[in-house]
Amino acid sequence: MIEVIGLTMVGVIAGLVTGITPGIHINLVCAIILSFSAVLLQFVSPLALCSFIVSVAITHIFVDMVPSTFLGAPNPDTALSVLPAHKLLMQGQGFEAIRLSVIGAFISLLLGLLSIPLALYLLPALEEAIKPYLGGIIIVAILILILTEKKLRKILWASLIFMSSGILGLFTLDGPISDPLLPLLSGAFGIAMLITSIREYSCIPPQFETEEIQVRSSTLLLYGIVSVIAGGLTALLPGIGASQGVALASLVIPTAQETAYILIVAGVSMINFVFSIVTLLAIGKARNGAIVAVQELMPSFSFIDASILAIVSLLVACVSVFATFCIARVFTRIMPQIDYQRSCFCVLLFCVAMVWLLSGIPGLFILLLSTCIGLLTHSSGIRKTHAMGCLLLPVIVRSFSG
C-alpha cells in the first residue's frame, strides 16, 4: 500500500506537468508507461503502476483547464469549452472560467463515484438496449439544434458546417492517422480561435480573481446529471469517447448559457474516465486510453482493484482542485502582462509541431481543413457546436452500420 501511495503522489506531479503543457494528451503518457512496463513491474506492483496512471489522468483533467482557457490550446476531450472560456477570459473572468470547470469536474466525479453501484448493475443490460436507437436519437437532436439558428442563412450555414466537418471526421477517424482527434479538434476549436485572436489584435484584459458567476445548487446538480448520462454513453458504446460525449451533451445544453458548456464539458471528461473503470469491471471493456493501459497491466481486474482506484481518484481530485486554483492564480496575474498575440502565435506553432510529430503530413492536412471549418463557423456567426459534426456524423454512421 505504501508503494501505491508513493506512485499516486508521483502521478500527481506528472499530471501537473502534462496538464500545464499545451497539446500533451494523457494517452501519450500511458503509451510511454506501457512501453517500459516490463522494467517497471520488476520494482512495483501492477496496482501501484495503475494508481500512477489514474493519478496522472485525474490531475491532467483538472490542470489542463488552465492552458485551455488562457492559451487556447485545447485538449481534444475539452475542446468545446474553449470558446465559452475564452469569452469569459476576454471579459476579465478567466479565473471564473477555470473555477467553473473545476466545479463541474469535481461534482461529476462525486456523482460518478456515488453511481458506481447502480452503473455496475445497469451497464451490461443498457449496452445492448441503446445501440439500435442511438443514431436516430442523434439525428433528431441535430436537426433541432440546426433549426434553432432560426434565420434561413444561418440554418444553411449550420447544415453546411455540420456536413463538412462530419465528412472530414469520417475520413479522419477511419483513416490511418495516429491520434486523429488532435488535428481534427485542435484545428476547428483551437487553431481557428488563435488565428482569429491574432487577426483581430486581441489582448488579454486585466483579470480578476472573483466569484461573481454564481450557479444554483439545483443547476449544478442538473448539469452533473447531464454529464453522468453523457459520460455513461461514452462508457457504454464502442467508438464513443469523451469528445463524442461532449458533443452529445452539447445537443441539450441551453445555448445562451456559456457557463453550462464549461461545467458540462469538464464533467463529461471526468465521467468518461470514472465510468471507464466501471465498464472494465462490469463488461471487461476499456473505453478510455488510460484505462486501456490499466487493462494491459492488470488483465484480471477485480472489484477490490476498482475500489482502490476509485479511492485514489477521489483523493487525487481533492489535491488537484487546490493545485489548479494555485496555477490559475499565477496565470491570472502574469497573462495580462504578456504579449497575447505573440503567445497565441507561439501556441499555434506548438500545436502544429505536435500534430506533425504525432500524425505526420496527413495530420497537418487534416489540421488545415479543420481550421478552415472553424474559421467559416466564426465568420458565418453560427454556434461553434455545429463543427462537432466531425464526431457526431461518424457516431451516426457507426450506429446504423452496426
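All of the points below concern the structure found in this document. These figures come from a predicted structure and were not determined experimentally. (Residues numbered from 1 in each chain as written. Predicted model: local features only at pLDDT ≥ 70, side-chain atom pairs only at ≥ 80, totals over all residues. Heavy atoms only, no water.)

1. Thoughts on the overall build of the protein
Piece 1. Looking only at helices and strands, the protein has 18 helices and zero strands in total.
Piece 2. Buried positions account for 58% of the 402 residues belonging to the protein.
Piece 3. Within the protein, counting contacts between residues at least 6 apart in sequence, those at least 24 apart form 84% of the total.
Piece 4. Accessible area of the protein: about 16800 Å², with a carbon and sulfur share of 73%. (Helix = DSSP H or I, 4+ residues; strand = E, 2+ residues; numbered from the N terminus. Buried < 20%, exposed > 50% of the residue type's maximum accessible area, 1.4 Å probe, protein only. Contact = heavy atoms within 4.5 Å. Areas by Shrake-Rupley, 256 points an atom, 1.4 Å probe, with all protein chains shown as cover.)

2. Digging into the side chain of T371
Piece 1. Secondary-structure assignment places T371 in helix α17 (residues 340–380).
Piece 2. The exposure class assigned to T371 is buried, which follows from its relative accessible area of 7%.
Piece 3. With near-sequence residues (within four places) excluded, T371 lies in contact with G187, A188, I191, A192 and I195.

3. Points about the environment of S164
Piece 1. Mapped onto the elements, S164 comes out in helix α10 (residues 152–173).
Piece 2. Separated by 205 residues in the primary sequence, S164 and L369 place their C-alpha atoms 9.6 Å from one another.

4. Quick look at a nonpolar patch on the surface
Piece 1. A cluster of nonpolar residues, L118, Y121, L122 and L126, forms a patch on the protein surface that exposes about 420 Å² of accessible area.
Piece 2. The topology assignment puts Y121 in helix α8 (residues 116–130). (Patch = residues over 30% accessible without salt bridge, like charges linked within 9 Å, V, L, I, M, F, W, Y side chains within 5 Å. Salt bridge = Lys/Arg side-chain N within 4 Å of Asp/Glu carboxyl O.)

5. Digging into the environment of W356
Piece 1. Along the chain, the position of W356 falls in helix α17.
Piece 2. The exposure class of W356 is partly exposed, given its relative accessible area of 48%.
Piece 3. Aside from chain neighbours lying at most four places away, what touches W356 is I361 and L364.

6. Looking at α10
Piece 1. Here α10 contains 22 residues, and its C-alpha end-to-end distance of 31 Å stays within 8% of the 32 Å for a straight helix at 1.5 Å per residue.
Piece 2. For α10, the full list of buried residues reads I155, A158, I161, F162, S165, G166, L168, G169, T172 and L173. (Expected span 1.5 Å × (residues − 1).)

7. Looking at the nonpolar core
Piece 1. Grouped together as the largest cluster of nonpolar side chains are 76 residues, with contacts concentrated most on I53, F62 and F273.
Piece 2. With 13 residues, the single largest contributor to this core is helix α4 (residues 46–63).
Piece 3. Those residues within four positions of I53 in sequence are excluded, and the remaining contacts are C30, I33, A290, A293, V294 and L297.
Piece 4. Judged by nonpolar contacts, the second largest core, of 26 residues, contains F162, L168, V395 and I396. (Core = buried A, V, L, I, M, F, W, Y, C linked by side-chain atoms within 4.5 Å.)

8. Quick look at the packing of helix α9 (residues 134–147) against helix α18 (residues 389–401)
The axes of two packed helices give the description: the angle between them and the distance between them.
Piece 1. Here α9 crosses α18 at 145°, and the two axes come no closer than 8 Å. Of the two elements, α9 crosses α18, and the hand of that crossing is left-handed. The residues of α18 that touch α9, namely those facing L134, G135, G136, I138, I139 and I142, are L392, V395, I396, S399 and F400. (Axes fitted to C-alpha atoms, helices over the stretch in contact; angles between N-to-C directions. Left-handed = near helix turned anticlockwise from the far one by under 90°.)

9. Some remarks on the pattern of salt bridges
Piece 1. In this structure the tally under the stated criterion is one salt bridge.
Piece 2. For E96, the salt bridge identified is with R99, shortest N-O distance 2.8 Å. A residue pair is termed a helical-turn pair when its members lie 3 or 4 positions apart in one helix, as E96 and R99 do in helix α7 (residues 94–114) at three residues.
Piece 3. Owing to a relative accessible area of 8%, R99 belongs among the buried residues under this scheme.

10. So, the environment of T8
Piece 1. Relative to the assigned elements, T8 resides in helix α1 (residues 2–20).
Piece 2. Looking at T8, the relative accessible area reads 13%, which means it is buried.
Piece 3. Separated by 41 residues in sequence, T8 and L49 place their C-alpha atoms 8.5 Å apart.
Piece 4. Setting aside residues up to four positions removed in sequence, T8 forms contacts with S51, S55, V312 and V316.

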